Amino acid sequence: KNTEKMLAFASQEIETAMRLYAMVFEKTYRYDLEAAGVWEMLKTFLLGEQARLETAVMIPRYFEMGFGVSEAEYPAFEVETKNGKIGIRGKIDRIDVSPEGTEGLVMDYKRTATFNPGDLVLGVQLQLPIYLIAMEHFLGLKGVGAELYSVKDVSRSGFYRKELMQLAGKKRAGPMTFSEENFIKMVGRSLLFIRRFAEEMQAKVITVKPRVCEAYCAYASVCRIEKWKLPSMLEEIRAEDQKTMPPFPGAALLEEEEV
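Residues numbered from 1 in each chain as written. Predicted model: local features only at pLDDT ≥ 70, side-chain atom pairs only at ≥ 80, totals over all residues. Heavy atoms only, no water.

Visitor: Explain the state of the cysteines to me, and be specific about the residues and the numbers.
Guide: Counting across every chain of the model gives 0 disulfides. No disulfide involves Cys213; its sulfur sits 5.9 Å from that of Cys223, the nearest cysteine. Unpaired in this structure, Cys223 has its nearest cysteine sulfur neighbour in Cys217, at a distance of 5.9 Å. (Disulfide = S-S within 2.5 Å.)

Next up, the structure:
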């Protein structure tokens, strides 16, 4: 009965959402197909999450926790730069909390996504570290870790504190499971990237040297980057990071294990 009530409630909510934020398609059948696909994806996620939470240690407590956005309970998170403070704003999709109410796990929903450790090393995955820092700052919770939650696949991947990984359902340590010391270093390194990029923007220094370049780009016809140069550019970026940034903590990166 609880499952039936949950699905009925979700169905009603998705119908309301689609009226308020209507999808635009040329053909009616394309809208119907997309709407049916969204519902099936949501239903699969809800049923999978319901089953997982039956044995999970941590309990969902905070949803869409905003900071620095309109009508948010918390102000922007301030970061000190050479040219003064900058305010960072965002909205954390979900925070699960330990039974004692002292630890928190950040979750960011994506339609489909897998956490890429290399993005964290290069400083292009800053959303999760920012959310974790904001959670610890505003809620006073100790971060178990932070995850991308793929709604379509009902799968989670991210980074974790080794001493607390079991709270997140991690049974064995992986390359993105850090000791207490290395966890603090890793988050601090991400904060340094935030300061560095902010100072470059303040100084109007925008180098045409992408750290990550997607295989498909809608703007390929006007892009100034010659694709064959990307590997050498990445080597230059890594060499520069070695000079200006602390080393990434922990063992050599391997492919993240499936959660």
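Having seen it, we continue.
Visitor: Can you break down the packing of aromatic side chains residue by residue, with the values?
Guide: All chains considered together, the criterion is met by 10 aromatic pairs. Seen in terms of ring centroids, Phe159 and Phe183 are 6.0 Å apart; in terms of plane orientation they differ by 55°. Their pairing is tilted. Of the two residues, Phe159 is situated in strand β7 (residues 155-161) and Phe183 in helix α5 (residues 180-202); the sequence distance between them amounts to 24 residues. On the accessibility criterion, Phe183 (1% relative accessible area) is buried. In this structure an aromatic cluster arises from ring pairing among Phe67, Tyr74, Tyr131 and Phe138. (Phe/Tyr/Trp six-rings, centres within 6.5 Å; stacked < 30°, edge-to-face > 60°. Helix = DSSP H or I, 4+ residues; strand = E, 2+ residues; numbered from the N terminus. Buried < 20%, exposed > 50% of the residue type's maximum accessible area, 1.4 Å probe, protein only.)

Visitor: Lay out the pairing of β7 with the relevant residues and their values.
Guide: Where burial is concerned, most of β7 is hidden: 6 out of the 7 residues are buried. Examined bridge by bridge, strand β6 (residues 142-150) and β7 share 6 bridges and lie antiparallel to one another. Paired with Ala146 across the bridge in β7 is Phe159. In terms of strand pairing, β7 meets strand β8 (residues 177-178) through 2 bridges, oriented parallel. Pairing of Arg161 across the sheet is with Phe178, part of β8. (Pairing = 2+ DSSP bridges.)

Visitor: Could you give an account of the pattern of salt bridges, with specific residues and numbers?
Guide: Per the stated rule, a full pass over the model turns up 21 salt bridges. With a shortest N-O distance of 2.5 Å, Glu49 and Arg94 are connected by a salt bridge. Taken together, the positions of Glu49 in helix α2 (residues 28-53) and Arg94 in strand β4 (residues 90-97) put the pair 45 residues apart, joining distant regions of the chain. Here Glu240 and Arg196 are joined by a salt bridge, their closest N and O atoms 3.4 Å apart. Taken together, the residues span a long stretch of sequence, with Glu240 in helix α6 (residues 230-244) and Arg196 in helix α5 at a distance of 44 residues. Judged by relative accessible area, which is 13%, Arg196 ranks as buried. What emerges from the salt-bridge pattern is a single network uniting Glu136, Lys142, Arg161, Glu163 and Glu180. (Salt bridge = Lys/Arg side-chain N within 4 Å of Asp/Glu carboxyl O.)

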